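Observations on the three-dimensional arrangement
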Amino acid sequence: MTAVTVALLSLLFITSGTIENHKDSGVPTTQSSTTTLGSTATQGSTLTHGTTATPTPPVVTTPEPPLFQNFSGYHIGVGRADCTGQVADINLMGYSKTGQNARGILTRLYSRAFVMAEPDGSNRVVFVSIDIGMVSQRLRLEVLNRLQTKYGSLYGKDNVILSGTHTHSGPAGYFQYTVFVIASEGFSNRTFEYMVTGIVKSIEMAHRNMKPGKIFIKKGTVEGAQINRSPYSYLQNPESERARYSSNTDKEMVVLKMEDLDGAELGLISWFAVHPVSMNNSNHLVNSDNMGYAAYLFEQEKNKGYLPGEGPYVAAFASSNLGDVSPNILGPHCVNTGESCDNANSSCPIGGSSMCMATGPGLDMFNSTQIIGRIIYERAKVKTCKPALGYSFAAGTIDGFGSFNFTQGTTVGDPFWDTLRDQLLGKPSEEIKQCQKPKPILLHTGELTKPHPWHPDIVDVQMITIGSLAITAIPGEFTTMSGRRLREAVQAEFATYGMKNMTVVISGLCNVYTHYITTFEEYQVQRYEAASTIYGPHTLSAYIQLFRALAKAIATDTVANLSRGPEPPFFKQLIASLIPNIVDRAPIGKTFGDVLQPAKPTYRVGEVAEVTFVGTNPKNSAESQTHRTFLTVEKYEATSATWQIVHNDASWETRFYWYKGLLGHSNATIQWHIPDTAQPGIYRIRYFGHNRKQDFLKPAVILPFESTSSAFEVVTT
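As recorded in an unreviewed UniProt entry, the chain goes by the name Neutral ceramidase, listed as coming from Canis lupus dingo. The UniProt entry for the chain carries the following text under Catalytic activity (unreviewed entry): "an N-acylsphing-4-enine + H2O = sphing-4-enine + a fatty acid". Under the UniProt heading Sequence similarities (unreviewed entry), the note attached to the chain is "Belongs to the neutral ceramidase family."

This is the structure we're talking about:
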């Protein structure tokens, strides 16, 4: 079976809707809410005051490459492009921790795109896995806008899925809804453009690289890489339902393997449920965390002789129903006493929730990231309410605690915080308080519209099928049991209409971010995931209903009959970044790139070579991309009398630290953690940067520079 089918539903969340079946089973009905499905007609389209619809660009269609049709299989194209963005002076997205700004880079971030089409090219889908925290609605709208400009109707909202890996170590600043803009400390057009450009470039590469091939589905169980971080919530689900599963996490990995007709490997997509939070909230280096490390290992193995981020083979390790799943498998302990804090509130006797942290299996977070990433890599080798955030949202999780005195499991409000909220933002309505029960509302985001709406009320829900595989594009983070219920409901719907034995994949953090989705039962105890289920206790029921509708439309070949939903807004005049741009300055008598701390003459394998330079703000390099890396490690080849690059800033063995001083002064420290595989010889480290210069009454300019350390020797003993 080689059919490729796509279906998209745009859901307009309206608060007066009710869901009859509150236990998230069967087919619940929705009243007084607009649930419209994607095609050509538009129904119920409403735009918030002060917003503008996505601008329609002039269409300049790129000619379609000729496709060979007489074969059994698919046309397959893969592509990968850099989408790192800023690596300094910007918040890292995920932990919502004040002060966790980027100060350098451990690995680059990539967009990995896969285009799959039927032999005649008539139906095609695009799946893109991106090393970012989540896909914002603004990001998706702009990507679709540029694809339409280049390809016309070939790629659009119906057949393109953008999925974030959910690394918590990527830059923020690419959102338009106010909650996320505040968390990002403003909108960064520099990072937004870098990301959009990288995503579009990866799709363009996949489009150009299309060739006849075959797709294989593999499944396997992954052990030792995850724990449930909210087991108390999981236990609220019916015992009869829990008894059907051997674990409180989903251990199954689904792998889509792609080859050309000659058997040459093209790439793979792997889905596995685990949070990329091996790098904890003390980290300041941009990186792709454990899922990115798994991709790094796989691509390095398949692209031998290439630097990281280069080579034809593309491996994506995509997110799944990871909402309550942690890679910190040693579990939560009080950092001050060492005792377990695996309780309903994730709180310690001394210090409260801020002392409760889960740890991974390694010596430090870098080592834990490698261990968990390698486990994943080895296995792959083979009715809704207006949005609102509850008190436990501010408590954080065992992977990264929140601020102040908030704890998980809070079902009663606090007079102090309620009064402060009412004075600053106004009181939440009785309607939203009743709809969100038992959640005590900390922020009634669905009723806040200044300067723009704080949360989306138009959400795309999308499904694509490739043969016997159905990919459900989830705009948020499903918990373990939520994902299981959705998978079973979609599989049952397909089977009812003759499509039996379908493999249903939960692909998380797609297209727009709506926080978490718990089961109705998990919602009642209001741990972090439930407090972050912004559309209320019946959110999962709504998603199950909508995805069943998509499955039925696909199975009965009636996708074309579905009506088009409302278009989401594309806001203008967003809050600018709160971190200003300032001119870079070098110390007196120095210039940018001068060596402040030189390398030692000799290092042994296993040691760390380190050089410190007079630095500049790395965010300049996201604005002017003259250099594609901040660093290289180079080896001298005597036979050719040339220096050969052996590592760049996408290599796990290198680290780039930026230290911000006063009045535009800064230092850059480059480390090379010399691996056991390093060949003895002469090496050097090079630094590539950009400085911001502004003369009086003239616009700022970004100027490139580069610098080189002294040569040093690496020996084995």
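And the narrative resumes.
This brings us to the environment of T496. By secondary structure assignment, the location of T496 is in helix α10 (residues 480–496). Of the residues examined, T496 reaches a relative accessible area of 57% and is grouped as exposed. Taking the C-alpha atoms as reference points, T496 and A555, separated by 59 residues in sequence, lie 8.9 Å from one another. A distance of 2.8 Å separates the side chain of T496 from the backbone oxygen of A492, its partner in a polar contact.

This part is about the sheet that holds strand β34 (residues 654–660). A sheet is described by the order of its strands in space; here seven strands give the open sequence β10-β5-β6-β34-β35-β31-β29, paired in antiparallel fashion. Unpaired on one side and paired on the other, β10 (170–171) and β29 (595–597) mark the two borders of the sheet.

On to the state of the cysteines, then. For the structure shown, the criterion picks out two disulfides. One disulfide in the model links C334 with C348; its S-S distance is 2.2 Å. Disulfide C334-C348: torsion about the S-S bond near -110°, hence left-handed. One end of the pair, C334, is in strand β17 (residues 331–334); the other, C348, is in the loop between β17 and β18 (356–359), and 14 residues separate them in sequence. A disulfide bridge connects C341 with C356, and the sulfur atoms are separated by 2.1 Å.

Another point: unusual backbone geometry. Cis geometry marks the peptide bond from K437 to P438, where omega comes out at 5°. Inspection of the secondary structure puts P438 in the loop between α9 (430–436) and β22 (441–443). Even without glycine at this site, N501 takes up a positive phi of about 60°. Of the residues examined, N501 reaches a relative accessible area of 74% and is grouped as exposed. Notably, L697 is not glycine yet its phi reads approximately 65°, a positive angle.

This part takes up the pattern of salt bridges. Counted under the stated rule, the structure contains 35 salt bridges. A salt bridge links E706 to R686, with the shortest nitrogen-to-oxygen separation between them at 2.3 Å. Pair noted here: E706 is in strand β37 (residues 701–708) and R686 is in strand β36 (residues 681–693), with a separation of 20 residues, a long-range link. What makes E706 partly exposed here is its relative accessible area of 44%. Residue classification places R686 among the buried residues on the basis of a relative accessible area of 17%.

Cut-offs applied
Residues numbered from 1 in each chain as written. Predicted model: local features only at pLDDT ≥ 70, side-chain atom pairs only at ≥ 80, totals over all residues. Heavy atoms only, no water. UniProt positions renumbered as here; feature names shortened; annotations may be inferred. Helix = DSSP H or I, 4+ residues; strand = E, 2+ residues; numbered from the N terminus. Buried < 20%, exposed > 50% of the residue type's maximum accessible area, 1.4 Å probe, protein only. Polar contact = N/O pair within 3.5 Å; in protein donor to acceptor, adjacent residues only side chain to side chain. Pairing = 2+ DSSP bridges. Disulfide = S-S within 2.5 Å. Salt bridge = Lys/Arg side-chain N within 4 Å of Asp/Glu carboxyl O.

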